[in-house]
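Survey of secondary and tertiary structure
The chain contents come next:
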Amino acid sequence: MGTNQNSTDSPPGQKKRRRVVFSDKDAGIEANECISIYLVFSKDEVGSPKSFKIEPVDLNHFFEDDGKLYGYQSLKVVIWLSGISFHAFADISYESSSDGGKGVTDLKSSLSNIFADNLVWSKDEFLQTFSTDCNYINSVVSNAELLPKSGANGYGDNTLLEESSADVFRVRGTWLGNLYCRLVPLVLLLVDGSNPIDVTCPRWEIYLLVQRNQNDSSMSLLGFAAAYRFHKYPSSTRLRLGQILIMPTYQRRGYGSHLLKVLNYVAISEDMYDFTIEEPVDVIQHARTCIDVERLLTYAPLHDTLTRAASRLKHDKNFSKEKGSSRYKPHADIIEEVRKTFKITKRQFLNCWEILLYLKLVDQGEQGLENYATYLVNRVENEVIGRESGEAGKVVIDIPTEFDGDASFVMCKVKGEQSSSFEKDECKGISQEENLRQLVDERMKEIRAVVDKISQKSK
């Protein structure tokens with residue numbers, strides 16, 4: 001039987017081993033927790049606690065795979081971003097730095113991934129930019145094209161554009177690359193999921209929304225948009241909005257809608273095929289729809305078609321799913337005429353059409369609104385779920401095999417109630433009707449939001 005050796009004496013011929021104590025592994029700190037960014041417009045605002053703090057989309061994804069910074073104790077990074085020249089200065093402080101098992105993050109290199117050549121490491125040099133580059137926007141727009149403020153063919157409601165002191169300039173050519181390099185940190189920080197555009201491609205254009213300062217002749221940037229011209233076979237062009245950003249200090253003042261109206265005007269005045277927006281976020285889609293619905297309300301050729309469709313919905317006492325939703329949609333000729341006139345895509349026009357129908361029926365009794373709700377259910381079921389009510393549907397059933405259990409399946413065609421039962425089983429008790437109701441409720445929320453916005457403006 002063995003015994004424990006409690007003696008501290010080492011066996012003969014062996015040296016004492018030094019006890020090694022390992023420190024805790026460096027857990028790192030998330031970039032979002034230690035980095036603050038402030039937007040400043042003068043020297044006096046640098047270092048001031050009253051400066052405007054930017055809330056970026058997510059700083060973590062700029063730093064390694066896990067979004068953390070390593071090797072620093074009590075790390076604090078304060079970045080001052082100029083709203084005049086768009087240079088940035090990083091004020092970095094920490095108690096100590098050492099390799100705790102995951103190395104030491106190269107802060108200069110990581111921050112340069114965001115701010116590139118706009119990053120200034122000397123505070124004095126950064127403060128000087130408020131004087132040396134105070135007219136940067138002026139120099140850019142001096143080589144740009146000033147777009148008109150009014151244009152009945154594209155803007156719809158001209159009030160904001162005509163009374164505003166803001167101007168929109170279109171930047172193309174050699175100036176575009178230098179300008180966008182100054183603006184790209186704002187895009188990366190504030191536009192979710194954004195990637196820099198290819199400034200070497202001549203099809204890109206930047207639309208600058210600027211305001212002349214009352215105290216001097218300098219200009220302030222309110223926002224900007226980057227748009228791309230696609231070729232449309234055989235001889236037309238499509239204008240697509242790729243990025244749009246209103247400076248944080250000027251948001252919620254209608255300037256985003258201002259830029260969208262200008263882009264509508266450009267598409268119409270240059271007789272493009274249509275104007276589209278690449279993957280619009282909800283707030284941009286809402287603003288776009290409000291603008292388009294307002295324009296369509298003033299379009300006389302649409303009134304008779306809209307009135308007839310609303311009347312059918314209102315007076316159809318035996319409205320049911322079997323009657324479908326297509327009979328209440330505009331004819332293809334109307335859709336094409338609207339595209340030619342307003343450069344609105346078919347999908348966007350049908351989106352607006354549903355809102356126009358609701359506006360016609362909202363004050364005309366319960367029968368019309370009940371039928372409208374059924375119409376909406378039919379449309380969502382047919383176009384989103386992808387099958388006509390009562391007709392044959394398709395069901396995918398997983399069938400595990402010895403080769404690949406995750407990639408083996410059978411698609412079969414089923415009809416009516418049989419299809420619904422399959423889908424309910426596959427969704428583990430969540431019925432198609434429940435999913436459908438959720439989609440319809442979300443759509444109704446969107447419709448009412450647009451109607452409320454338009455109603456407020458008309459008061």
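Residues numbered from 1 in each chain as written. Predicted model: local features only at pLDDT ≥ 70, side-chain atom pairs only at ≥ 80, totals over all residues. Heavy atoms only, no water.

What the chain contains, in helices and strands, is 14 helices and 17 strands. Sequence separation of at least 24 residues holds for 68% of the intrachain contacts in the chain that already meet a minimum separation of 6. Total accessible area on the chain is roughly 26,200 Å²; 46% of this is exposed by carbon and sulfur atoms. (Helix = DSSP H or I, 4+ residues; strand = E, 2+ residues; numbered from the N terminus. Contact = heavy atoms within 4.5 Å. Areas by Shrake-Rupley, 256 points an atom, 1.4 Å probe, with all protein chains shown as cover.)

Another point: the pattern of salt bridges. Counted under the stated rule, the structure contains 18 salt bridges. Arg238 is paired through a salt bridge with Asp274; the nearest N and O atoms lie 2.7 Å apart. With Arg238 in strand 14 (residues 236–246) and Asp274 in strand 15 (residues 274–277), this pair connects stretches of sequence that are 36 residues apart. We classify Asp274 as buried; its relative accessible area is 1%. Here the salt bridges do not stand alone but share partners, grouping Glu145, Arg170, Arg172, Glu205, Arg229 and Glu270 into one network. (Salt bridge = Lys/Arg side-chain N within 4 Å of Asp/Glu carboxyl O. Buried < 20%, exposed > 50% of the residue type's maximum accessible area, 1.4 Å probe, protein only.)

Spanning 16 residues, helix 11 (residues 346–361) covers 23 Å between terminal C-alpha atoms, matching the ideal 22 Å at 1.5 Å per step. The buried fraction of helix 11 is high, at twelve of 16 residues. Buried within helix 11 are the following residues: Gln348, Phe349, Leu350, Asn351, Cys352, Trp353, Glu354, Ile355, Leu356, Leu357, Tyr358 and Leu361. (Expected span 1.5 Å × (residues − 1).)

What follows concerns the packing of aromatic side chains. What the rule picks out here adds up to 13 aromatic pairs. On the basis of an interplanar angle of 65° and a centroid distance of 5.1 Å, the ring pair of Trp204 and Tyr228 is categorised as edge-to-face. Of this pair, Trp204 sits in strand 12 (residues 204–212) while Tyr228 sits in strand 13 (residues 219–232), and the two are 24 residues apart along the sequence. Here Trp204 matches Tyr228 in class, with each residue buried. An aromatic cluster is built from Tyr328, Tyr358, Tyr372 and Tyr375, whose rings are joined through pairwise contacts. Seen from the ring of Tyr136, Arg182 lies directly overhead, with NZ or CZ sitting 4.1 Å from the centre. Over the ring of Tyr273 we find Arg339; its NZ or CZ atom is 3.8 Å from the centre of that ring. (Phe/Tyr/Trp six-rings, centres within 6.5 Å; stacked < 30°, edge-to-face > 60°. Lys NZ or Arg CZ within 6 Å of the ring centre and 35° of its normal.)

Fair warning: the whole summary comes from geometry, so function is off the table for now.
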